[in-house]
Structures are given as C-alpha cells and as structure tokens.
Amino acid sequence: MSVNSGIVTKLKATLDNPRLFNLLQLAVAGRQNITRRLIREGLNLMPGERLLDVCCGTGEFADVALGPYLGIDINQKFIEYAAREYGAGGGHPEREFLAEDITGTSFLTRGLTFPKAMMINSLHHLSAEQNQAVLGAVAKVTTGRFVIVDMDPDPSNPVSKFLASQDRGEYVRPLKEQIALVEPFFKVENAFTYYARLTAQTIIICSSK
Ligand SMILES: C[S@@+](CC[C@H](N)C(=O)[O-])C[C@H]1O[C@@H](n2cnc3c(N)ncnc32)[C@H](O)[C@@H]1O
C-alpha cells in the first residue's frame, strides 16, 4: 500500500465516525439552512405532517420535519447517534430512527405510508441498481411529495468543483442522469442546481405517480 493510499484509507475510516463526519460537513457546507428551506418548500411540508427521511445517516436533517418523523438507515451506528442527538435522546420523542434496509421486507411489510419523503445526499453513494431498489421502496410507501437532494458534479465555481471532485461517493452523476434514475418511480415536478455555502447541490422535486 502506498503512503497516499494509506492516508486515504485512514481518512475514510475516520469519516465513519458520526461526529467527525458532521464536523467535516459543517466546514464545507455550513449549516445547510438553504437546503432545509428548499426541501420544505419542495415538499410543501405542513405542520404536523409525517415525514420519511430515507438513508437518514446521522439524522442531520431531522429538523426539516414539522411533525412526526421517521429516519431510516442501514448503519446501526449512525442510527444510534441520530436517536441520541436528534430523537428522543435530544428531546424529540416525535422523531423515530430505524436501523433497517429500506428495501427489505421487514420495512416494506409494516404497512407504513408517508405523505412526504426526502432523500438527502445519498443518490451518489449508490449504484444504479441500489438506487432503483431504494427508489422503488420509497415509491411504495410515499403517497404525496418526495424531494431528493444530491451533489452537482459540474458547478461553475472552481472551488466547488474541486470539492465535488473530492466527494466520497462512487456514483456521482450530473442532474440529467439523476432525473433519469428517478423518473421510472416518480413524476418529476422540478429540478435545479444551487449552492449551499461552497457545496454545489442538486434538488429534484417529485410527486407520487
Ligand atoms: C452519505 S449518507 C447520507 C446521510 C444523510 N442523509 C445526510 O445527508 O447526512 C448515505 C446513507 O445511506 C445509507 N443507506 C444506503 N443504502 C441504504 C438502504 N438500502 N437502506 C437504508 N439506508 C441505506 C447509508 O448507510 C448512509 O448512511
């Protein structure tokens, strides 16, 4: 193993630590208040409406919810952290966190439905097949709006472009390809790129078919 690849391996392992992952996110993307606003607007989220957060990770975006919330993620460590910080442990019993694969029968046979759902910064970490499975599962349980936020790999700002090139996601795609992934499962109402501090993002606003 070269010195460089050793450093990269260590860095990747460090990013599996929820606290360090969030610190890095904060440095690069700030508090992402613009993202929160755009998601709420895209969802037309009403007070009290139940929200599903698909691939919620450490639960950073749980505060987008204006009522009951369910965050689901396959990573048990992330879910434990999320529940402690943003769920019942953080004074929000209305926010639930579930360590499960959203595509698994255990989740899909619970008979849950959600008027609104979101999937933040996850599309580019999943292969086309994985995305198809995840989006198919979301389509089964979502009755109204679904908003996806992801990264824009080709922003005009050179600093943002450099940051985008450093992303850990293995499946970075331009907005057009992101939309093509989503279209078989949802009606795409609107999609555009924007900046959250230095990070260049995409947002896709969908409704159930
Ligand atoms: C980059 S993280 C995004 C986390 C969070 N949405 C955020 O913006 O901070 C992507 C997450 O997707 C989760 N994930 C991937 N496949 C999944 C699946 N089939 N079901 C549930 N979670 C999944 C991973 O465990 C990971 O935490």
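This text follows the structure it describes.
Cut-offs used in this document
- Residues numbered from 1 in each chain as written.
- Predicted model: local features only at pLDDT ≥ 70, side-chain atom pairs only at ≥ 80, totals over all residues.
- Heavy atoms only, no water.
- Helix = DSSP H or I, 4+ residues; strand = E, 2+ residues; numbered from the N terminus.
- Rg over C-alpha atoms; globule rule 2.2 N^0.38 Å.
- Buried < 20%, exposed > 50% of the residue type's maximum accessible area, 1.4 Å probe, protein only.
- Contact = heavy atoms within 4.5 Å.
- Areas by Shrake-Rupley, 256 points an atom, 1.4 Å probe, with all protein chains shown as cover.
- Lys, Arg positive; Asp, Glu negative; His and termini not counted.
- Charge placed at Lys NZ, Arg CZ, Asp CG, Glu CD.
- Core = buried A, V, L, I, M, F, W, Y, C linked by side-chain atoms within 4.5 Å.
- Arc of directions from axis to C-beta.
- Pairing = 2+ DSSP bridges.
- Axes fitted to C-alpha atoms, helices over the stretch in contact; angles between N-to-C directions.
- Near = heavy atom within 4 Å.
- Polar contact = N/O pair within 3.5 Å; in protein donor to acceptor, adjacent residues only side chain to side chain.

Participant: Let's hear about the overall build of the chain: which residues, and what values?
Facilitator: Scanning the chain from N- to C-terminus turns up eight helices and seven strands. Taking 209 residues into account, the globule formula puts the C-alpha radius of gyration at 17 Å, and the chain, at 17 Å, falls close to it. Each principal axis of the C-alpha atoms in the chain carries an extent, and together these give about 50 × 35 × 30 Å. Across the 209 residues that make up the chain, the buried fraction comes to 44%. Taking as baseline every contact in the chain between residues at least 6 positions apart, the subset at least 24 positions apart corresponds to 66%. Looking at the chain as shown, the accessible area adds up to about 10500 Å², and 55% of this sits on carbon and sulfur atoms. In the chain, 22 side chains carry a positive charge and 22 a negative one; their mean positions are 3 Å apart.

Participant: Quick rundown of the nonpolar core? Include the residues and the values.
Facilitator: In globular proteins that are soluble, nonpolar side chains generally tend to be buried together. Residues L52, I102, F107, M119, V138, F146 and I148 are the most contacted members of the largest nonpolar core, which totals 26 residues. Listing elements by their share of this core, those giving two or more residues are strand 1 (51-54), strand 2 (69-73), strand 4 (114-120), helix 6 (128-141), strand 5 (142-151), helix 8 (175-182) and strand 7 (199-208). For this core, the leading source of residues is helix 6, giving five residues. Sequence-distant contacts of F107, defined by excluding residues within four places in its chain, comprise L52, L70, I72, L98, E100, D101, I102, L112, F114 and V141. Among the nonpolar cores identified, the runner-up in size contains 22 residues, and C56, F61, I120 and I205 belong to it.

Participant: Residue-level account of helix 8, with values.
Facilitator: Of all the residues in helix 8, the buried ones are L175, Q178, I179, L181 and V182. An end-on view of helix 8 places all buried positions within 155° of arc, on one side of the element. On its buried face, helix 8 is in contact with helix 6, strand 5, strand 6 (186-196) and strand 7.

Participant: Let's hear about the sheet that holds strand 4: which residues, and what values?
Facilitator: Strand order across the open sheet formed by seven strands is 3-2-1-4-5-7-6, with mixed pairing between neighbours. The two strands at the open ends of the sheet, each matched to only one other strand, are strand 3 (95-99) and strand 6. Neighbouring strand axes in the sheet, compared pairwise and without regard to direction, differ in orientation by 15° on average. Strand direction decides the pairing type here: strand 1 and strand 2, joined by four bridges, are parallel. Residue pairing for strand 2: D53 is matched across the bridge by G71.

Participant: Outline the site of the ligand, supporting the account with residue identities and numerical values.
Facilitator: Neighbouring the ligand are 17 residues, the closest being C55, D73, D101, I102 and I120. Between the ligand and I74, the relevant distance is 3.1 Å, taken from a nitrogen atom to a main-chain nitrogen or oxygen of the residue. Between the ligand and the protein, one listed contact pairs a nitrogen atom with a side-chain N or O atom of D101 at 2.8 Å. Surface burial for the ligand is 87%, taken as the share of its 600 Å² of free accessible area covered by protein chains.

Participant: Give a description of the side chain of S160 that names residues and reports values.
Facilitator: Take S160: it is sitting in helix 7 (residues 158-165). Owing to a relative accessible area of 1%, S160 belongs among the buried residues under this scheme. Discounting chain neighbours no more than four positions away, the residues touching S160 are P155, Y195, L198 and A200.

Participant: Explain the environment of T35 to me, using residue names and the numbers behind them.
Facilitator: With respect to the helices and strands, the residue T35 is situated in helix 3 (residues 33-43). Along the sequence, T35 and Y194 sit 159 residues apart, while their C-alpha atoms lie 8.9 Å from each other. Apart from the residues within four sequence positions on either side, T35 is in contact with F61, V149, Y194 and A196. Reaching out from T35, the side chain makes a polar contact with the side chain of Y194 at a distance of 2.8 Å.

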